[in-house]
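Geometric and topological summary
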Amino acid sequence: MTQQIIVVEDSADWKFGEVGCPVVHVDDYLTGREYHKLKHVQVINLCRSYKYLTIGYYCSLLAEARRHRATPSVKSMLDLSSKAMYGLDAVNLDEQIQKGFRRKRDQLGDELRLEIYFGQCGVPALADLARQIFETFPAPLLRVTFEKHDKWRLTAIRALGLHRVPKPDRERFAEALRGYLAKRWRSPKARPTSRYDLAILHNPADPLPPSDARALKNFIKAGRAQGVDVELIERKDYARLAEYDALFIRDTTRINHYTYRFAKRAESEGMVVIDDPQSILRCTNKVYLAELLRAHKVPTPRTVIAGRNDLDAAEQAIGYPMVLKVPDGSFSRGVVKAENRAQMLESASALFDSSELILVQEFLYTEFDWRIGVLNRKPIFACQYFMSKKHWQIVHYKQSGSFSQGGWRTVALEDAPAEVVNVALKAANLIGDGLYGVDTKHTADGVYVIEVNDNPNIESAVEDGVLKDKLYDTIIGEFVRRLDDRHRRG
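Residues numbered from 1 in each chain as written. Predicted model: local features only at pLDDT ≥ 70, side-chain atom pairs only at ≥ 80, totals over all residues. Heavy atoms only, no water.

**Some points on the pattern of salt bridges**
In the structure shown here, the tally under the stated rule is 28 salt bridges. For Glu451, the salt bridge goes to Lys286, with nearest N and O atoms at 3.7 Å. With a gap of 165 residues between them, Glu451 in strand 22 (residues 446-453) and Lys286 in helix 12 (residues 286-295) connect regions that are remote in the sequence. For Lys286, a relative accessible area of 7% corresponds to the buried category. Between Asp485 and Arg489 there is a salt bridge, and its shortest N-O distance comes to 3.0 Å. What makes Asp485 partly exposed here is its relative accessible area of 25%. One continuous salt-bridge network, built from bridges that share partners, spans Glu231, Lys236, Asp237, Arg240 and Glu243. (Salt bridge = Lys/Arg side-chain N within 4 Å of Asp/Glu carboxyl O. Helix = DSSP H or I, 4+ residues; strand = E, 2+ residues; numbered from the N terminus. Buried < 20%, exposed > 50% of the residue type's maximum accessible area, 1.4 Å probe, protein only.)

So this is what it looks like as structure tokens:
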């Protein structure tokens, strides 16, 4: 059973009555022998300041040294110490901020200051946002400032002392505190001895995830066999990222997206990360990829990078039918086929709404695309993806919002055409040494690379159709190899 303690810096600050647990002075907690020996303790640190080397800072520091669970933690204090520290975390909340302010429709002006007590605020429309801010910056009292420019932005966040709770807010604060204390807190169980901790970022709500639930379980199983503690995390776990040794992104990656921020944060923390930020940057932009492949003479369908004034030249160079693509589409999104000039102009106009440049590409039809999986510059699987029924793409998105997919067939690498594997390997090696899926079309005229994916599907009964568990073992083994190498190099 966890014991809960509230620690205050000045006894006169406590004006909230009984809340169900003892309220002790910080001096007593820091020096009292009875607190040294306690186990399974949840410390609510309500000191006046959490700045570096203040008494509030030392309260959480010593709590953690005693293996007491402190709120806020020392890490949270340091994260909140300057905008340079919390700025990246704040960016990760942008989508929730816009959603919250859409719900609050009354007149706000251009600035709003919000007091958040244990994840609770006084504005019902912003309740979900307040909870997520607290999960990202877990401090008992927060004052958050939002400003509206082109859109609402979080411009400042500050942890407050207990003495800053205004009299009209005392009951609201006490209610939020009682709700927080009512949660069932447990001291973290000692983890089984493991060589490393690997976080897998995924999105359970994604209808087309890179790895399905069974594949994720297979990664966990493979990790256990190699002494790696694998944990599934989600977007909301961004603040906990530094707890791990490595990050494996099994969520659809984009540049202006939390997946890229996760990759950047992991890289800055010195973690092993797949997909690494450079691979995401290179693969998710088809304009960059087209230029890279062309510069290194990797065969691709005839391609023109077009701006709004280049459509006539593109039409003359490519002819019909043609394929038009936005630079950052994925899973067949942002890709359209034009059979004539009218369709081309209509489709291009829509695509230019989201990008100043688009790709206009020769249409090559094949019954299926080859995908070669590449890890650390070596091929690891070969799979055929068939076109969706009565459609020219693997995934057919319908106006209703539904979609359909074609079938697949996985083959042993030695049974895949050697020229397909070799061309795919050459393309992937231009990107880096991560995990890639290279899509190619094998025609009578040769092999053509369609794209290189930094976040290839690894799904149960699909890409693992030949290798089975060995595919997951291989990928986890690469994380172990990289971590061991970093450990040897210090």
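**Description of the environment of Val447**
With respect to the secondary-structure elements, Val447 resides in strand 22. Given a relative accessible area of 8%, Val447 falls into the buried group. Spatially, the C-alpha atom of Val447 lies 57 Å from that of Glu111, the residues being 336 residues apart in sequence. Beyond its immediate stretch of four places on either side in the chain, Val447 contacts Pro299, Glu419, Val420, Val423, Thr440, Lys441 and His442. (Contact = heavy atoms within 4.5 Å.)

**Observations concerning the sheet that holds strand 7 (residues 152-159)**
Strand order in the open sheet formed by three strands is 5-6-7, with antiparallel pairing between adjacent strands. Both edges of this open sheet fall to strand 5 (111-117) and strand 7, since each of them pairs with a single strand only. Sheet twist, expressed as the average angle between the axes of neighbouring strands with direction ignored, equals 20 degrees. Examined bridge by bridge, strand 5 and strand 6 (residues 141-148) share seven bridges and lie antiparallel to one another. Pairing of Leu112 across the sheet is with Phe146, part of strand 6. Lying on the sheet, helix 7 (residues 127-136) is in contact with strand 5, strand 6 and strand 7; it crosses strand 6 at an angle near 120 degrees. (Pairing = 2+ DSSP bridges. Axes fitted to C-alpha atoms, helices over the stretch in contact; angles between N-to-C directions.)

**With respect to the packing of aromatic side chains**
How two aromatic rings sit relative to each other is given by the distance of their centres and the angle of their planes. What the rule picks out here adds up to 19 aromatic pairs. Centroid distance Tyr258 to Phe262: 6.3 Å. Interplanar angle 70 degrees. Geometry classified as edge-to-face. In this pair, Tyr258 and Phe262 are both assigned in helix 10 (residues 258-268), four residues apart and thus about one turn of the helix distant. We classify Tyr258 as buried; its relative accessible area is 8%. You can call Phe262 buried: its relative accessible area is 0%. Seen from the ring of Tyr29, Arg66 lies directly overhead, with NZ or CZ sitting 4.7 Å from the centre. The cationic tip of Arg265 hangs over the ring face of Tyr238; the distance from NZ or CZ to the ring centre is 5.1 Å. (Phe/Tyr/Trp six-rings, centres within 6.5 Å; stacked < 30°, edge-to-face > 60°. Lys NZ or Arg CZ within 6 Å of the ring centre and 35° of its normal.)

**Topic: the nonpolar core**
Generally speaking, soluble globular proteins have nonpolar side chains that are buried together. Counting 28 residues, the largest nonpolar core has Leu198, Phe219, Phe248, Ile475 and Phe479 as its most contacted members. Counting residues per element, the ones that place at least two in this core are strand 8 (196-202), helix 9 (213-225), strand 9 (228-233), strand 10 (246-250), strand 11 (272-274), strand 17 (378-386) and helix 16 (469-488). At seven residues, the largest contribution of residues to this core is made by helix 16. Not counting residues up to four positions away in its chain, the partners in contact with Leu198 are Val228, Asp229, Val230, Glu231, Tyr244, Ala246, Leu247, Phe248, Ile476 and Phe479. One finds Leu293, Leu425, Val447 and Val449 within the second-largest nonpolar core, a separate group that totals 24 residues. (Core = buried A, V, L, I, M, F, W, Y, C linked by side-chain atoms within 4.5 Å.)

**Considerations on unusual backbone geometry**
Of all residues except glycine, most have a negative phi; of all peptide bonds, most are trans. Note that the residue after Thr71, namely Pro72, is joined by a cis bond; omega there is 0 degrees. Topologically, Pro72 is positioned in the loop between strand 4 (69-71) and helix 4 (74-79). Of the consecutive residues Ile274 and Asp275, the connecting peptide bond is found in the cis state with omega at 10 degrees.

**Focus on the sheet that holds strand 13 (residues 322-325)**
Where strands meet in a sheet, backbone hydrogen bonds hold them as pairs that are either parallel or antiparallel. With antiparallel pairing, four strands are arranged side by side in an open sheet as 12-15-13-14. Both edges of this open sheet fall to strand 12 (303-306) and strand 14 (335-338), since each of them pairs with a single strand only. Shown here is a sheet whose adjacent strand axes are inclined to one another by a mean of 25 degrees, direction ignored. Relative to strand 15 (residues 358-362), strand 12 runs antiparallel, the two sharing four bridges. Its bridge partner being in strand 15, Ile305 is matched across the sheet by Leu359. Running over the sheet, helix 12 touches strand 12, strand 13 and strand 15 and is turned about 135 degrees from strand 12.

**Side note on helix 12**
All of the buried residues along helix 12 are Lys286, Val287, Leu289, Ala290, Leu292 and Leu293. The inward-facing, buried residues of helix 12 abut helix 11 (277-284), strand 12, strand 13, strand 15, helix 15 (418-431) and strand 22. Positive backbone phi, at 55 degrees, marks Lys297, one or two positions downstream of helix 12.

**Notes on the packing of helix 6 (residues 94-103) against helix 7**
Where helix 6 meets helix 7, the axes come as close as 8 Å, and the angle between the chain directions of the two elements is 155 degrees. Taken as axis vectors, helix 6 and helix 7 run roughly antiparallel relative to one another. Helix-helix and strand crossings are classified by hand; for helix 6 and helix 7 the assignment is left-handed. Listed contacts from helix 7 to Gln96, Ile97, Phe101 and Arg103 of helix 6 are Asp128, Leu129 and Gln132. For the contact of helix 6 with helix 7, the per-class residue count stands at three nonpolar, two polar and two charged. (Parallel < 35°, antiparallel > 145°, perpendicular 65-115°, else oblique. Left-handed = near helix turned anticlockwise from the far one by under 90°. Nonpolar A, V, L, I, M, F, W, Y, C, P; charged D, E, K, R; others polar.)

All we've got here are geometric facts, nothing functional implied.
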